[in-house]
Amino acid sequence: MISIKNVNKSYGDHHVLTDINLEVPKSNVIALIGPSGAGKSTLIRTINALETIDSGEIIVDGISIHDKKTNINKARTNIGFVFQSFNLYPFKTALENVTMAPMKVKGLSKEAAEKRGKELLTQLGLGDKFDAYPGRLSGGQQQRVAIARAVAMDPEVMLFDEPTSALDPEMVKEVLDAIRSLADAGMTMVVVTHEMGFAKEICNDIVFMAEGKIVEVAPPSEFFTAPKTVRAQEFLKAVLNH
Amino acid sequence: MSSMSWDWSVVSDNWEVLMLGAWFTIKISFIALIFSLPIGIIVGFGRIAKNPVIRFLAGAYVEIMRGVPLLVLLMWIYIGLGDVVNVETTVAAVIGLATFNGAFLAEIFRAGVQAVPKGQMEAARASGMTSAQAMRYIILPQAVRRIMPPSASQFIMLIKDSSLISVIGGVDLMLKGKNLVATTLKPLEIYTAIAVIYFIMTFVLSLVIRYFEKRMMDKEQ
């Protein structure tokens, strides 16, 4: 479903992504983990072209994302993106946040968009928050609205860029539960995360990055018990023993 | 021991003349405002355009307008342009005020758009909106809230700045006042009355703006 081939990107002399190759089959869930500055966020942002690449190719559902001939706006409707800082539209209600793109981009009628929007918000436990403005919602609620907003476009792929990093600890679970329910429904997903327990539980593969490179790819059962590379061993030692 | 005593009768006797001037000031300020809005929008967006030539031209316009005194600009348009084509005072006044005010509005609009967090544009684009759609549905509605208060202050400045058109013969409140001073020889009374009239015009405007601002904020949440 997602195919990343020989992707490179640098800012001046600084190589942020070096020879990235990664395949994500349909309905698989991949966790991108690694120390900060490893290029995880940059990589996930190249998958829907929020970041450009210098060379290589990224194909999502058969469409070459960075090809100049590709209609990127159309391609993005198939790729849901959830930000660390939610980025909800503050002047729109929760429901309006969710119905905005289906109406303006896909041309859905207000009735159809609202019906679907209410369904999604209700599924995510926000059935009583349709008319609430983001400023009145907790971080966990805002992130669930953001997830509903992305899912409302019926994408084939969902990308999560540190979806729980900006949350208070007690709100992490509700957001992870929402992501888990999408995984259970067979959504293809890439998740940049520091939640090792979560990664272990729902991911098909762990992709470990450091210094702009993919260092190790392994199923969680192997990665967390017997990481092959020294770099991954050091990282796990640092994050798990505290 | 000043022998001076205030004689307000010159004001009440000439009230109609002053009101005529005030009405002209209001009219010319509004007309200049209307023309300065598209200038402000075009130049403001030019300042953040992707094209470097457009960005340079818009930047140059703003810097020049900010650097040249309005009085000089008005003179230049009236005399300089008047040399080539026949420009009426009113037309020269509107051109001068609108181009000048447009540059300041451009900066306000630019700052308003840029003050919307980057994540808003990213969220809109990530959902498949074109940059024009994102601008229209997501960025501008938020920018307007930031643009309104400083634009209102700028309009108040415009009303006061418009007093300079009296030097090119604009029959505004200021010129009416100057003429009255020349005929009555009561400058203090006349200029005090003018100051009060300008203050009332701008203060009423301030109140109206504050009312709308408050209503907009209440609606928000």
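Cut-offs applied
Residues numbered from 1 in each chain as written. Chains lettered and ligands numbered in written order. Predicted model: local features only at pLDDT ≥ 70, side-chain atom pairs only at ≥ 80, totals over all residues. Heavy atoms only, no water. Helix = DSSP H or I, 4+ residues; strand = E, 2+ residues; numbered from the N terminus. Rg over C-alpha atoms; globule rule 2.2 N^0.38 Å. Buried < 20%, exposed > 50% of the residue type's maximum accessible area, 1.4 Å probe, protein only. Contact = heavy atoms within 4.5 Å. Pairing = 2+ DSSP bridges. Axes fitted to C-alpha atoms, helices over the stretch in contact; angles between N-to-C directions. 1 Å grid on protein atoms, 1.4 Å probe; cavity = no way out; pocket = protein on both sides within 12 Å on 5 of 7 lines; lining within 4 Å. Points joined across faces, edges and corners; volume = space filled by probe spheres on them. Nonpolar A, V, L, I, M, F, W, Y, C, P; charged D, E, K, R; others polar. Buried area = accessible area lost by both parts, 1.4 Å probe. Salt bridge = Lys/Arg side-chain N within 4 Å of Asp/Glu carboxyl O. Polar contact = N/O pair within 3.5 Å; in protein donor to acceptor, adjacent residues only side chain to side chain. Phe/Tyr/Trp six-rings, centres within 6.5 Å; stacked < 30°, edge-to-face > 60°. Lys NZ or Arg CZ within 6 Å of the ring centre and 35° of its normal. UniProt positions renumbered as here; feature names shortened; annotations may be inferred.

Undergrad: I tried to follow the overall build of chain A on my own but got confused; where do I start?
TA: Assigned secondary structure in chain A consists of 9 helices and 10 strands. For 242 residues, the compact-globule formula gives about 18 Å, and the C-alpha radius of gyration of chain A, at 18 Å, lands near that figure. Along the first, second and third principal axes, the C-alpha set of chain A runs to 55 × 45 × 30 Å. Looking at chain A as a whole, 56% of its 242 residues are labelled buried. In chain A, of all internal contacts separated by at least 6 residues, the share reaching a separation of at least 24 is 64%.

Undergrad: Sorry, what's going on with the sheet that holds strand 6 (residues 79–82) of chain A here?
TA: Paired through backbone hydrogen bonds, the strands of a sheet run either parallel or antiparallel to each other. Residues and elements named next belong to chain A. The sheet built from 6 strands is open, its strands ordered 6-7-8-3-9-10 with mixed pairing. Two strands in the sheet have a free side with no partner beyond their single neighbour: strand 6 and strand 10 (213–218). Neighbour-to-neighbour, the strand axes of the sheet open up by a mean angle of 15°, direction not taken into account. When strand 9 (residues 205–210) meets strand 10, the two strands line up antiparallel, connected through 5 bridges.

Undergrad: Mind showing me how you'd approach the layout of surface pockets here?
TA: In this approach a probe as big as a water molecule rolls over the atoms, and the regions it shows empty are the leftover space. All names here are of chain B. Of the pockets and cavities examined, the largest pocket occupies roughly 690 Å³. Considering the residues around the largest pocket, the lining is formed by 20 residues, among which Lys50, Met121, Arg125, Ser131 and Met135 are closest to the centre. Only helix 5 (89–114), helix 6 (118–126) and helix 7 (131–161) provide two or more residues apiece to the lining of the largest pocket. For the lining of the largest pocket, a count of residues per class yields 12 nonpolar, 2 polar and 6 charged. Here the second largest pocket is characterised by a volume of approximately 440 Å³.

Undergrad: What exactly am I supposed to notice about the interface of chain A and chain B here?
TA: Counting residues at the interface gives 23 residues for chain A and 20 residues for chain B. It is Tyr89, Phe91 and Lys104 of chain A that lose the most area in chain A upon contact with chain B, and together they represent 31% of the buried surface on that side. Taken together, the links from chain A to chain B amount to 1 salt bridge. Note that arginine 45 of chain A is salt-bridged to glutamate 122 of chain B, the shortest N-O span being 2.6 Å. At the boundary of chain A and chain B, one finds 5 residue pairs in polar contact (both at pLDDT 80 or more). Where the side of chain A that touches chain B is concerned, the elements lending two or more residues are helix 2 (72–76), strand 6 and helix 3 (94–104) of chain A. A total of 3 residues in the side of chain A that touches chain B trace back to one element, the largest contributor, which is helix 3 of chain A. When the residues that make up the side of chain A that touches chain B are grouped by side-chain class, the tally is 13 nonpolar, 5 polar and 5 charged.

Undergrad: How should the pattern of salt bridges be read in this particular structure?
TA: Pairing is possible between side chains of opposite charge, provided their charged atoms come close. The final tally for this structure, using the stated rule, is 20 salt bridges over all chains. The residue arginine 45 of chain A makes a salt bridge to glutamate 51 of chain A at a minimum N-O spacing of 3.2 Å. Comparing arginine 45 of chain A with glutamate 51 of chain A shows no difference in burial state: the two are buried. One connected set of salt bridges, linked through shared partners, spans Lys9, Arg45 and Glu51 of chain A together with Lys118 and Glu122 of chain B.

Undergrad: I tried to follow the packing of aromatic side chains on my own but got confused; where do I start?
TA: Working definition: an aromatic ring pair is given by the centre-to-centre distance plus the angle between the planes. This model, assessed by the stated rule, comprises 9 aromatic pairs over all chains. For the ring pair phenylalanine 81 of chain A and phenylalanine 83 of chain A, a centre distance of 4.7 Å and an interplane angle of 50° mean the geometry is tilted. We note that phenylalanine 81 of chain A, like phenylalanine 83 of chain A, is buried. Relative to phenylalanine 155 of chain B, the ring of phenylalanine 30 of chain B lies with its centre 5.3 Å away and its plane at 65°, an arrangement referred to as edge-to-face. Separated by 125 residues along the polypeptide, phenylalanine 30 of chain B in helix 2 (residues 15–47) and phenylalanine 155 of chain B in helix 7 bring together distant segments of the chain. The exposure class assigned to phenylalanine 30 of chain B is partly exposed, which follows from its relative accessible area of 42%. Put simply, the rings of Phe208, Phe223, Phe224 and Phe235 of chain A touch in pairs and so form one group of aromatic residues. When the ring centre of tyrosine 89 of chain A is taken as origin, the NZ or CZ atom of arginine 149 of chain A, which lies over that ring, is 4.6 Å away. Above the ring of phenylalanine 224 of chain A, the side-chain terminus of lysine 200 of chain A is found at 5.3 Å from the ring centroid.

Undergrad: Any chance you could explain the UniProt feature "domain: ABC transporter" (unreviewed entry) in chain A here in plain terms?
TA: Within the UniProt annotation, "domain: ABC transporter" (unreviewed entry) is assigned to residues 2–236 of chain A. Helix makes up 37% of residues 2–236 of chain A and strand makes up 26%, while its end C-alpha atoms are separated by 27 Å.

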